[in-house]
Amino acid sequence: MTTSPPLIILKIGGSVATHKDRAGLAIRTALLKKIALAIRAARDERPLRLILIHGSGSAGHQLAHDFDLRHGTGTDPLKIDAALRSQRANQSLDAAIAEILVAAGLPVVPVHTASVIIQRDAKIHRFATDAVARALKHGQIPLLYGEMVPDTRLGFSVCSGDTIAVALAREFGADRIGFASDIDGVFTRDPHRFADATLIETTHISSLADRSDLSGSHNIDVTGGLGGKIEKLAPLRRSSIRQVEIFNGLHPAHYRHILLSVPFPHTTLLFGQKKRG
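Given the structure is predicted, the values throughout are model-derived calculations rather than measurements.

(A) Examining the overall build of the protein more closely. Along its length, the protein carries 10 helices and 14 strands. Here the analysis covers contacts within the protein between residues at least 6 apart in sequence; of these, 73% occur between residues at least 24 apart. Summing over all exposed atoms, the protein offers an accessible surface of approximately 12,900 Å²; the carbon and sulfur share of this is 51%.

(B) Representation of the pairing of strand β14 (residues 267-270) within the structure. As defined by bridge partners, strand β12 (residues 202-204) adjoins β14 across three bridges and the pair is classed as parallel. Within the sheet, the bridge partner assigned to Thr202 lies in β14 and is Thr268. The pairing of strand β13 (residues 243-248) with β14 spans four bridges and is antiparallel. Paired with Gln243 across the bridge in β14 is Leu270.

(C) Expanded view of helix α7 (residues 161-172). Taking 1.5 Å of rise per residue, the 12 residues of α7 would be expected to cover 16 Å, and the 16 Å separating its terminal C-alpha atoms lies within 8% of that figure. For α7, the full list of buried residues reads Gly161, Asp162, Ile164, Ala165, Val166, Leu168 and Ala169. Note on α7: the residue one or two positions beyond its end, Gly173, has a positive phi of about 65 degrees.

(D) Representation of helix α4 (residues 77-103) within the structure. Its 27 residues place the ends of α4 39 Å apart at the C-alpha level, agreeing with the 39 Å of an ideal helix rising 1.5 Å per residue. Every buried residue belonging to α4 is among Ala82, Ala83, Ser86, Gln87, Ala89, Asn90, Leu93, Asp94, Ile97, Ala98, Ile100 and Leu101, and all of these are buried.

(E) Representation of the pattern of salt bridges within the structure. According to the stated counting rule, one finds nine salt bridges in the structure shown. Note that Asp162 and Lys11 form a salt bridge whose closest N and O atoms lie 3.3 Å from each other. Note that Asp162 is positioned in helix α7 and Lys11 in strand β1 (residues 7-12), a separation of 151 residues in sequence. Owing to a relative accessible area of 3%, Asp162 belongs among the buried residues under this scheme. In this structure Lys11 comes out as buried when scored by relative accessible area, which is 7%. Residue Arg176 pairs with Glu245 through a salt bridge whose shortest N-O separation is 2.7 Å. Of this pair, Arg176 sits in strand β9 (residues 176-181) while Glu245 sits in strand β13, placing them 69 residues apart in sequence. Residue Arg176 shares its accessibility class with Glu245, and that shared class is buried.

(F) Region of interest: the packing of aromatic side chains. For the structure shown, the criterion picks out two aromatic pairs. When the ring of Phe247 is compared with that of Tyr255, the centres are 5.2 Å apart and the planes differ by 85 degrees; the resulting orientation is edge-to-face. Look at Phe247 and Phe264: their rings are 6.3 Å apart centre to centre, the planes differ by 85 degrees, and that puts the pair in the edge-to-face class. One end of the pair, Phe247, is in strand β13; the other, Phe264, is in the loop between α10 (253-260) and β14, and 17 residues separate them in sequence.

(G) Examining the environment of Pro235 more closely. You can see Pro235 is positioned in the loop between α9 (225-233) and β13. Among residues more than four places away in sequence, those in contact with Pro235 are Val166 and Arg170.

(H) Seen up close, the side chain of Gln119. On the secondary structure map, Gln119 appears in strand β4 (residues 117-120). Of note is the side chain of Gln119, whose polar atom sits 2.7 Å from the side chain of Ser157. For Gln119, the residues in contact, after removing those within four places along its chain, are Ile124, His125, Val149, Pro150, Asp151, Thr152, Ser157, Val158 and Cys159.

(I) Structural view of the side chain of Asp94. As for its position among the elements, Asp94 is in helix α4. Despite its burial, Asp94 remains without a salt bridge, the nearest opposite charge being carried by Arg88 at 11 Å. Not counting chain neighbours up to four residues away, the residues in contact with Asp94 comprise His54, Pro110, His112, Leu143 and Tyr145.

(J) Region of the structure containing unusual backbone geometry. Residues other than glycine seldom take positive phi values, yet Asp121 does so here, at roughly 55 degrees. Note that Asp121 resides in the loop between β4 and β5 (123-127). In this structure, Ser261 is a non-glycine residue whose phi angle is positive, near 60 degrees. Mapped onto the elements of the fold, Ser261 is located in the loop between α10 and β14.

Conventions and cut-offs
Residues numbered from 1 in each chain as written. Predicted model: local features only at pLDDT ≥ 70, side-chain atom pairs only at ≥ 80, totals over all residues. Heavy atoms only, no water. Helix = DSSP H or I, 4+ residues; strand = E, 2+ residues; numbered from the N terminus. Contact = heavy atoms within 4.5 Å. Areas by Shrake-Rupley, 256 points an atom, 1.4 Å probe, with all protein chains shown as cover. Pairing = 2+ DSSP bridges. Expected span 1.5 Å × (residues − 1). Buried < 20%, exposed > 50% of the residue type's maximum accessible area, 1.4 Å probe, protein only. Salt bridge = Lys/Arg side-chain N within 4 Å of Asp/Glu carboxyl O. Phe/Tyr/Trp six-rings, centres within 6.5 Å; stacked < 30°, edge-to-face > 60°. Polar contact = N/O pair within 3.5 Å; in protein donor to acceptor, adjacent residues only side chain to side chain. Lys, Arg positive; Asp, Glu negative; His and termini not counted.

As structure tokens, this is what we get:
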């Protein structure tokens, strides 16, 4: 009986895929090309199954902020128009990333998020994962992304890449999730503001959840900050996930390290039963 290679979900944050401090769709093309080659190198070294997800980045976040789309669009025509424009921006980013990955020799299959996910009150209600399952079965790499999706009560609502990663990890029994951010991992304080911030290299998810002093900081560059991240990861405590790794995705070599479990400074969040003592 043949054992399937481990399934790893890798989420490339919007702050890595784009310049989030620039207007419009400011894609980090040169960096993404290097990242694609690093992922290809890892796959050439060791068999593994991979799902890729990317954040919405500069354009999508700017529209969501300007039109306050965090709580949905309702029937407001201006918000609906902004949500649709945000979708177009995210899909343009996705097409650019897919082209870069395919050019590097990766068998990427784009799966458009708004076509497969419907939410209710900003939480996933239905997720048609058939295309993802088929891609994995044939040794391909599904590519999804955070964006505005239909919502049965809110019109359209935000479905983040973090949320998608957690849902797919539970659905397909993933072994690990890697989150590529613009900093080295989780710190004791916001490293953008405090020079004495210290990297937390290994901790159990429950220990981190108890750290209320971290919840409002810029410890992780994702929507909702560290508090939002921990809340989204909570369902993984009862799943196949052994660990979640948060690392600096601005360094292409780190992707090979994450995929092949090569040690380097980053944060590893442990799941499963916490050891006592």
